[in-house]
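Structure assessment
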Amino acid sequence: MPEKSSTSNAEAVGRLYDRFAAESRDLWPDEAEVPNFGFGEHLHFGYWETPDEDAPLDVAAMRLTDMVIDRLRVDEAHHVLDVGCGIGGPALRTARRTGARVTGITVSESQIEQAKALAQDADLAGRLDFRLADALNMPFRDGSFDAVFALESMMHMPDRPQVLGEIARVLRPGGRVVLTDFFERAPIPEVHRPFVDLLRESSLLSTVRVEDYPSMLRGSGMLFEEIVDISPHTTRRTFIEMSRPWTEWAAAHPEVGLGTALAAGIPAPGLIDVEELGYLLLVAQRP
Ligand SMILES: C[S@@+](CC[C@H](N)C(=O)[O-])C[C@H]1O[C@@H](n2cnc3c(N)ncnc32)[C@H](O)[C@@H]1O
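The protein goes by Methyltransferase domain-containing protein in an unreviewed UniProt entry, where it is assigned to Saccharopolyspora aridisoli.

Notes on the pairing of strand S8 (residues 277–285)
The element S8 is extensively covered by neighbouring structure, given that eight of its nine residues are classed as buried. Bridge analysis of strand S7 (residues 223–229) against S8 gives six bridges, and the strand direction is antiparallel. Bridge assignment links Leu223 to a residue of S8, and that residue is Gln285.

Brief notes about the environment of Tyr47
In this structure, Tyr47 sits in the loop between helix H1 (2–21) and helix H2 (57–72). C-alpha of Tyr47 to C-alpha of His233: the two residues are 186 residues apart in sequence and 5.2 Å apart in space. With residues near it in sequence (within four places) discarded, Tyr47 still touches Ala60, Ala61, Arg63, Leu64, Met67, Ile230, His233 and Thr234. Reaching out from Tyr47, the side chain makes a polar contact with the side chain of His233 at a distance of 3.5 Å.

So, unusual backbone geometry
The phi dihedral of Arg73 is positive, around 50 degrees, even though this residue is not glycine. As for its placement among the helices and strands, Arg73 is situated in the loop between H2 and strand S1 (79–83).

Regarding the site of the ligand
The environment of the ligand is formed by 21 residues, the closest being Leu43, His44, Gly84, Thr106 and Gln111. Expressed as a share of its isolated accessible area of 590 Å², the protein-covered part of the ligand is 99%. Class assignment for the residues of the shell around the ligand results in eleven nonpolar, eight polar and two charged.

Observations regarding the pattern of salt bridges
For the structure shown, the criterion picks out 20 salt bridges. A salt bridge links Arg63 to Glu53; its shortest N-O distance comes to 2.8 Å. You can see Arg63 sitting in helix H2 and its partner Glu53 sitting in the loop between H1 and H2, a full ten residues away along the chain. Its salt-bridge partner being Arg209, residue Glu211 comes within 3.7 Å of it at the nearest N-O pair. Through salt bridges with shared partners, a single ionic network connects Asp66, Asp70, Arg93 and Arg97.

The rules we used
- Residues numbered from 1 in each chain as written.
- Predicted model: local features only at pLDDT ≥ 70, side-chain atom pairs only at ≥ 80, totals over all residues.
- Heavy atoms only, no water.
- Buried < 20%, exposed > 50% of the residue type's maximum accessible area, 1.4 Å probe, protein only.
- Helix = DSSP H or I, 4+ residues; strand = E, 2+ residues; numbered from the N terminus.
- Pairing = 2+ DSSP bridges.
- Contact = heavy atoms within 4.5 Å.
- Polar contact = N/O pair within 3.5 Å; in protein donor to acceptor, adjacent residues only side chain to side chain.
- Near = heavy atom within 4 Å.
- Areas by Shrake-Rupley, 256 points an atom, 1.4 Å probe, with all protein chains shown as cover.
- Nonpolar A, V, L, I, M, F, W, Y, C, P; charged D, E, K, R; others polar.
- Salt bridge = Lys/Arg side-chain N within 4 Å of Asp/Glu carboxyl O.

Given below as structure tokens:
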């Protein structure tokens with residue numbers, strides 16, 4: 001039954017992020033702990049102006065958050081929904097930069113705790129609210145929000161059309177949604193497929209084809225405004241940054257190759273050269 005499978009998917013994703021939030025152990029080949037990859041408070045890919053720009057992952061990730069915030073066009077009179085809010089970094093930044101109130105939802109209880117603590121520390125608890133809720137079935141009345149963003153969360157949701165329908169429902173007429181998502185720019189070549197499959201399995205995510213979005217949006221009743229392939233600024237460099245601990249470990253073990261990463265369940269090193277795996281930024285409006 002679809003409802004049951006979507007619920008269990010959300011629970012599985014919640015457990016995945018509970019583990020991530022707790023920085024608990026995944027095993028590397030030498031049983032070292034997987035370190036925090038350096039995302040900071042913004043748990044998503046970075047945006048670099050040029051491939052070799054000298055910016056760490058947390059700075060580049062915050063830049064992508066800012067690109068999303070700029071497209072929301074909100075101010076202190078507005079209430080924004082953050083779908084899949086992580087540990088609250090993007091919501092906090094939205095409140096800080098625009099003065100808007102922000103409600104964030106996630107399926108991870110640990111993330112809620114971290115996000116609330118972050119808001120408290122920043123003295124922004126009055127403008128921020130975080131709740132445990134599934135984006136496929138949101139606990140909000142129709143037209144509750146002036147704008148919605150979903151920064152790298154759609155890929156965890158098995159039924160994107162349903163989420164887009166929910167987003168359209170909770171948006172007020174004229175409200176905008178800004179989202180990022182993974183997509184296949186071209187079919188994944190056989191040689192890269194084991195790493196892409198591992199990414200899908202280990203991170204519980206799915207990809208779409210870019211041509212799927214216009215019809216999904218049409219189904220939700222929203223008007224398509226902007227879709228940009230930002231892969232050249234995001235994917236390769238993020239996978240390089242995420243691979244850094246592996247690269248350092250592998251340098252001390254000259255006998256290892258990418259197959260070792262695959263066997264250890266670590267997809268990032270094998271994804272650096274996968275140009276077919278893309279990242280998009282999309283804006284739409286509820287009429
Ligand atoms: C890659 S993280 C991005 C977090 C945050 N947007 C950020 O950029 O820092 C994905 C987020 O999506 C959330 N998520 C995944 N599936 C969800 C669902 N069905 N409902 C609500 N949130 C969900 C996860 O709990 C997690 O917070």
